[in-house]
Amino acid sequence: MSWLSTRIAVRYIFSRKSHSAINLISVVAVCGVVVASVALVCVLSVFNGFHSLIEGKLSVIDPAVKVVPATGKAISSPDSLIDVITAVPGVAYAIPGITEQALARCGDKQLPVMVKGVVENYDSLSAISSVVKEDGEFLLSNDYGMQFMVISVGTAISLETRPGYRTPVSLYAPKRKGRVNVANPIGAFRADTMFVSGVFQVDEAGYDASTVLVPLDVARRLFDYPVEATEIEVGARPDADEAALHAAIATALPGYVVKNRLQQHASSYRLINIEKWITFLLLSFILLIAAFNVISTVSVLIVEKTGDIVTLRNLGATRALITRIFSTQALLITFIGSLIGVAIGVGLCLAQQHLGIIKLNGTPGTLILDAYPVVVEWSDLVVVLAMAIAVGTLASLVTAAVMRFRLSR
């Protein structure tokens, strides 16, 4: 774009037209781009808000780093790995854990559950106590040698149980070693029975549906892992950088899979991102439709400025210069509209983030939040502007083609 063509294009955009209908068409074209840009910014920010909400909830029970075997299901010597991990700067703790599937039974109710064996002081190493319901507590054993389980809210509902000494819950897991006696099928299972001490809820279906926390030694007996562990959970010091800690542990343990918080739930986050960008793609078609409005607006303006085009030709303006004037105008209309839309979108998102203007449907107090969560990320704004520029460039190219056709007649 030359300075002369840009200056004339800007003048044509903001100058009054000879017919009020043309002014109205121009305003509608800009508003179309503005609305599409606002929608893109708001939708992407809402997805960011839900992403941030889920990440915050999962951090209650997820460790900063988790180490799992690259092959097989169990780590044969977890103590030696723990020694290596604790030597990494920034590590607050490293504890073994066992996570396996089992069958839970309470009365006549049964449910396949994910049993997670944890150490006795797990509540002091994580924030699990903050999500335990008020009618219970996080307790794995008492002074009398009794052992307890802490179950998720979905498990409690499915088994129709609650904290207390009324109905115990039994866990069944198939034996990993030995032969199955068809005459005594029950002998092929290991079992353990405990009372429920508490019910937790982290507001994430992967945990809330069917998770049971038990003492680590109970999980060892139930799944026949006398010394093994299926995972090692690593906590970070308050002043440690989790990304750097993850990289350091991955370097120290090249033969194992080292996961950060995001990688521990890669499928869930991947689904959110897929939904986010598919929605972005669908809304981009609205911006593309708005580009056709811009093309039609510039086409009408070309007809109105026929006299000016003749004057410019008589003054020595080339066809290329005249073409650039109107193609630049199409690009500027799209870019100005997208800038206004992004500014309005950011303003609306910040208002929603701080004031909670749009509420979620539901009974107040029963939801984990009352208003739609919104988080504005600058990378999304860059993507929206880049899409607007791409659409504006397309409109500019189509306008240039129309202009060259008119000038060749």
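Structure shown above.
The structure reproduced in this document is the subject of the present report.

Each value, and the rule that gives it
Residues numbered from 1 in each chain as written. Predicted model: local features only at pLDDT ≥ 70, side-chain atom pairs only at ≥ 80, totals over all residues. Heavy atoms only, no water. Patch = residues over 30% accessible without salt bridge, like charges linked within 9 Å, V, L, I, M, F, W, Y side chains within 5 Å. Areas by Shrake-Rupley, 256 points an atom, 1.4 Å probe, with all protein chains shown as cover. Salt bridge = Lys/Arg side-chain N within 4 Å of Asp/Glu carboxyl O. Helix = DSSP H or I, 4+ residues; strand = E, 2+ residues; numbered from the N terminus. Polar contact = N/O pair within 3.5 Å; in protein donor to acceptor, adjacent residues only side chain to side chain. Contact = heavy atoms within 4.5 Å. Core = buried A, V, L, I, M, F, W, Y, C linked by side-chain atoms within 4.5 Å. Buried < 20%, exposed > 50% of the residue type's maximum accessible area, 1.4 Å probe, protein only. Phe/Tyr/Trp six-rings, centres within 6.5 Å; stacked < 30°, edge-to-face > 60°. Axes fitted to C-alpha atoms, helices over the stretch in contact; angles between N-to-C directions. Left-handed = near helix turned anticlockwise from the far one by under 90°. Nonpolar A, V, L, I, M, F, W, Y, C, P; charged D, E, K, R; others polar. Parallel < 35°, antiparallel > 145°, perpendicular 65-115°, else oblique.

Turning to a nonpolar patch on the surface, a few remarks are in order. A cluster of nonpolar residues, Phe50, Leu355, Ile357, Ile358 and Tyr372, forms a patch on the protein surface that exposes about 500 Å² of accessible area. You can see Leu355 is positioned in helix H12 (residues 319–355).

Counting through the fold element by element, Lys116 comes out in strand S3 (residues 109–118). Side-chain polar atoms of Lys116 contact the side chain of Glu231, separated by 2.9 Å. Among residues more than four places away in sequence, those in contact with Lys116 are Ile98, Thr99, Tyr122, Val212, Leu213, Val214, Glu231 and Glu233.

Turning our attention to the nonpolar core. Within the largest apolar cluster, 43 residues are counted, with the highest numbers of intra-cluster contacts made by Met149, Leu171, Phe200, Val214 and Phe223. Of all the elements in the fold, those that place two or more residues in this core are strand S2 (91–106), S3, strand S4 (148–152), helix H5 (153–159), strand S5 (164–174), strand S6 (189–200), strand S7 (211–215) and helix H7 (216–223). In contact with Phe223, other than residues within four places in its own chain, are Ile98, Glu100, Gln101, Ala102, Val115, Ala173 and Arg176. Core analysis: the second largest hydrophobic core is formed by 36 residues, Leu283, Leu287, Val294 and Val298 among them.

For the structure on display, the rule yields four aromatic pairs. Members of the aromatic cluster, joined through ring pairs, are Phe148, Tyr165 and Phe195.

Before going further, it helps to examine the pattern of salt bridges. Tallied over the full model, the rule gives 11 salt bridges. Across the pair Glu100 and Lys73 runs a salt bridge, and its minimum N-O distance is 3.0 Å. Of this pair, Glu100 sits in strand S2 while Lys73 sits in the loop between strand S1 (65–69) and helix H3 (78–86), and the two are 27 residues apart along the sequence. By relative accessible area, which is 54% here, Lys73 ends up exposed. The residue Lys116 makes a salt bridge to Glu231 at a minimum N-O spacing of 2.9 Å. Here Lys116 is found in strand S3, whereas its partner Glu231 is found in strand S8 (residues 231–236), with 115 residues between them in sequence.

Further remarks concern the side chain of Ser197. By the element assignment, Ser197 lies in strand S6. Its relative accessible area of 8% is what places Ser197 among the buried residues. Among the polar contacts listed, one links the side chain of Ser197 to the backbone oxygen of Leu139, at a separation of 2.7 Å. If sequence neighbours within four positions are ignored, Ser197 has contacts with Gly136, Glu137, Leu139, Phe148, Met149, Val150 and Pro163.

This brings us to the packing of helix H11 (residues 306–314) against H12. Taken N-terminus to C-terminus, the directions of H11 and H12 make an angle of 145°; their axes are 10 Å apart at the nearest point. Note that H11 runs across H12; the crossing there is right-handed. Residues Ile309, Leu312 and Arg313 of H11 touch H12, and the partners they reach there are Arg319, Ile322, Ile325 and Phe326. Among the residues making up the contact of H11 with H12, the classes are represented as five nonpolar, no polar and two charged.

Attention shifts here to the environment of Thr393. Mapped onto the secondary structure, Thr393 falls in helix H13 (residues 378–408). Between the C-alpha atom of Thr393 and that of Leu331, which follows or precedes it by 62 residues, the distance is 5.9 Å. Within the local environment of Thr393, its side chain forms a polar contact with the backbone oxygen of Ile389, the two atoms lying 2.7 Å apart.

Turning our eyes to something else, we now look at the packing of helix H10 (residues 266–304) against H12. Think of two packed helices as two axes; the pair is described by the angle between the axes and how far apart they sit. Two elements in contact, H10 and H12, have axes separated by 10 Å at closest approach and are oriented at 140°. On the basis of their axis angle, the class for H10 and H12 is oblique. For the pair H10 and H12, the sense of crossing is right-handed. Every residue of H12 that contacts H10 at Val294, Val298, Leu301 and Ile302 is listed here: Phe326, Gln329, Ala330, Ile333 and Thr334. A per-class count over the contact of H10 with H12 returns seven nonpolar, two polar and no charged.

A word on the environment of Ala104. With respect to the element layout, Ala104 can be found in strand S2. In the structure, Ala104 is positioned 88 residues away from Asp192 in sequence and 9.8 Å away in space, judged by C-alpha atoms. Setting aside its immediate chain neighbours within four residues, Ala104 contacts Lys109, Gln110, Leu111, Val113, Leu159, Val169, Ser170 and Leu171.

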